[in-house]
Structures are given as C-alpha cells and as structure tokens.
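Breakdown of the fold
The lines below spell out each chain.
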Amino acid sequence: MTTTLRPESPESPAPGGARTRRWQICANGRPVGALRTTATPQGDQCWGRISELEVWEGRGRGRATVGALAAEEVLRSWGCTRIDADIPETATAAARLAEALGYRERMRNMAKRLDAGSPAPGLPPGVTARPIDAGAYPAWLEGAKAGYLHDLRASGLTEEQARAKSDADHLHLLPQGAATPGIVLRRLYGAGTAPVGSLWLALHQRDLPDGRPLAWVMTVEVAEDRRGRGHGRDLMLLAERECLAAGVHDIGLNVFSSNRVAIGLYTSLGYLVTNRVLGKPLQ
C-alpha cells in the first residue's frame, strides 16, 4: 500500500511573509488523513512547521509517520532549515510519533482563565510598576533580546538561528516600539531606583475558537541579582491585573522547556499546559 501527500487546497500566504498549505494523507489515492505545512522567514533563514496532523482511517499502520516524513520533504523543498511540530497536550500519540522521528521538546504553551468576579491582584507594599516609555525602550529592548537569545540557544537552536529568530520576532511584534498598539510594557521597582524586573504583555495576541480575546505574556524578566525574591510572581500578577483592566479574561504564554523555575512558577499560579512545541534541524 502506497501512502502519499496530495494538496487539499492551494498554497496561500500567511502573516509575516510565511507560506502555508494543507495536504491530504492518501493511501492508494484515497484520503485517510491530513496535515498542514507552513514555512516562515526568520531573518535570512526559513523555518518549517507541521500542524493539524490527523489520521482518521487506518491508525497504527504508519500513515502518520509517512505523512510527517513527506511533510519534512515539502518543507526542505521550501528552503526550511529547521522544523517544529505543534502538539496539543492531549495528543499523546502524536508526541510519541514526534519523539520517534527525532523531535525534541523546545517549549510549551500554558494558559489560564481569569475569574472576572475576582478582584485584580495587587502588588506587595513598596513595589510599584511604571510604563516603559520611548526613552527607556532601547535599553529595555537590548535586555529583552539578550534574554530571548539565551533561551533560544538553550532550546537547541544554533547562534545563527537564535539571532535570526530574535531579530525577526521583535521586529514583527513591536513594529512601533513602545507605542505599538495593544502592548503593555512595564518595569517593576522595589525600594531602590533601579528596576528589579520588566513585563511585556500583548493584550490581544489572538482569538480563541469561540472568539474570546487571548492575551499573551511575551516576556517576564527579573534582574539577576534580584531573583528568588518573588518578583517573577509579582510580574505575573501584574500581567493578570492589566488583562482584567482591559476586559480580557484569558491569558497564555510560552515557556522554554529548559526553564524549570519558570514552569514551576506558572504551574503554582494555576497555568495549565495546552500545547508543546517539538523541533529538530532539517539536514
């Protein structure tokens, strides 16, 4: 029996200069499943992504494996040098397949539903938050990029891949700097004059399937000499307060799998894993 990919729909553009296409997984010409391939520019590189992978007929016969390998070949032909797979937390079979094909977890998505009836969390006494204005923005951006580069490299990316992704992501997400609409940039201060941490929050990063807005915590950074004092928790509660003030009741985030401290913090605050991102280089 021959398993192949066949286009289900025409290739179409996607945000950020990406290209995407949905495919049918066919056995002897008969559709038995489907998947989507997406290629996204990252600086002078191109990254691939497999999503929406499903097999609805003949599971356990290797059709998902053949489909995934064929998708990798498509993405190689599109010039991709790395590939990621988005796997919902409930899709345990897909996670096992990805690991068998050499994918390794790089990050996970976590989310929380904020109770509209609960009071907005406040900051501890002596701790204040101030906006990051145009004057403070360049220094903040430099620090944010440095932290992101560190996490990208720790997730398995090369130096070149990490820098390309960092530059592309910051340019795409902050096109107007501190004045970018829908963005909350805050610095956290304690008793002294130097900031102890910072928050970058996108109030309407995307919509949930039912149309509700989903806010996204882009970065939470705590000064190295002030870690272990609860400031990360303060910044997350600040993010939740900003969401509630804007009428947004769902909040999510990405966390790199190597950052066990952050994962522990988010879990303690009630965030649940919704999705995992596994990836590998395309040779």
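Each remark here, short or long, concerns the structure printed above.
A short tour of the structure in this document, coming up. (Residues numbered from 1 in each chain as written. Predicted model: local features only at pLDDT ≥ 70, side-chain atom pairs only at ≥ 80, totals over all residues. Heavy atoms only, no water.)

Regarding the packing of aromatic side chains
- Evaluation of the coordinates by the stated rule reveals four aromatic pairs.
- Consider the rings of Y137 and W140, whose centres lie 5.7 Å apart with planes at 35°: the pair is tilted. With Y137 and W140 both in helix α3 (residues 137-154) and three residues apart, this pair spans about one turn of that helix.
- Classification of Y137 by relative accessible area gives buried; the value is 12%. (Phe/Tyr/Trp six-rings, centres within 6.5 Å; stacked < 30°, edge-to-face > 60°. Helix = DSSP H or I, 4+ residues; strand = E, 2+ residues; numbered from the N terminus. Buried < 20%, exposed > 50% of the residue type's maximum accessible area, 1.4 Å probe, protein only.)

Comments concerning the environment of G48
- Here G48 is to be found in strand β5 (residues 45-55).
- Judged by its relative accessible area of 2%, G48 falls in the buried class.
- Taking the C-alpha atoms as reference points, G48 and I83, separated by 35 residues in sequence, lie 4.4 Å from one another.
- With sequence-adjacent residues up to four places away left out, G48 is seen in contact with T38, A39, L75, C80, R82, I83 and D84. (Contact = heavy atoms within 4.5 Å.)

Let's talk about the nonpolar core
- Residues L201 and Y266 are the most contacted members of the largest nonpolar core, which totals 28 residues.
- Only β9 (183-189), β10 (195-207), β11 (213-222), α5 (231-245), β12 (250-256) and α6 (260-268) provide two or more residues apiece to this core.
- It is α5 that contributes the most residues to this core, six residues altogether.
- In contact with Y266, other than residues within four places in its own chain, are M110, V220, M236, L253, V255 and Y271.
- Of all hydrophobic cores here, the second largest spans 25 residues; its members include V55, A71, L75 and A85. (Core = buried A, V, L, I, M, F, W, Y, C linked by side-chain atoms within 4.5 Å.)

Overview of the pairing of β5
- Pairing between strand β4 (residues 30-42) and β5: nine bridges, direction antiparallel. In the sheet register, P41 faces β5, and the bridge partner there is C46.
- The hairpin turn running from β4 into β5, its antiparallel successor, is two residues long, and G43 in that turn takes a positive phi close to 65°.
- Relative to strand β6 (residues 82-88), β5 runs parallel, the two being bridged by four bridges. Across the sheet, the residue bridging to W47 is R82, located in β6.
- Remark: the β5/helix α1 (residues 63-77)/β6 crossover connection has right-handed handedness. (Pairing = 2+ DSSP bridges. Right-handed = clockwise from strand over helix to strand, strands pointing away.)

Comments concerning the side chain of N109
- Relative to the helices and strands, N109 resides in strand β7 (residues 104-113).
- Owing to a relative accessible area of 12%, N109 belongs among the buried residues under this scheme.
- Looking at N109, its side chain comes within polar contact range of the side chain of N254, at 2.3 Å.
- The contacts of N109, once residues within four sequence positions are left out, are W216, L253, N254, L272, V273, T274 and N275. (Polar contact = N/O pair within 3.5 Å; in protein donor to acceptor, adjacent residues only side chain to side chain.)

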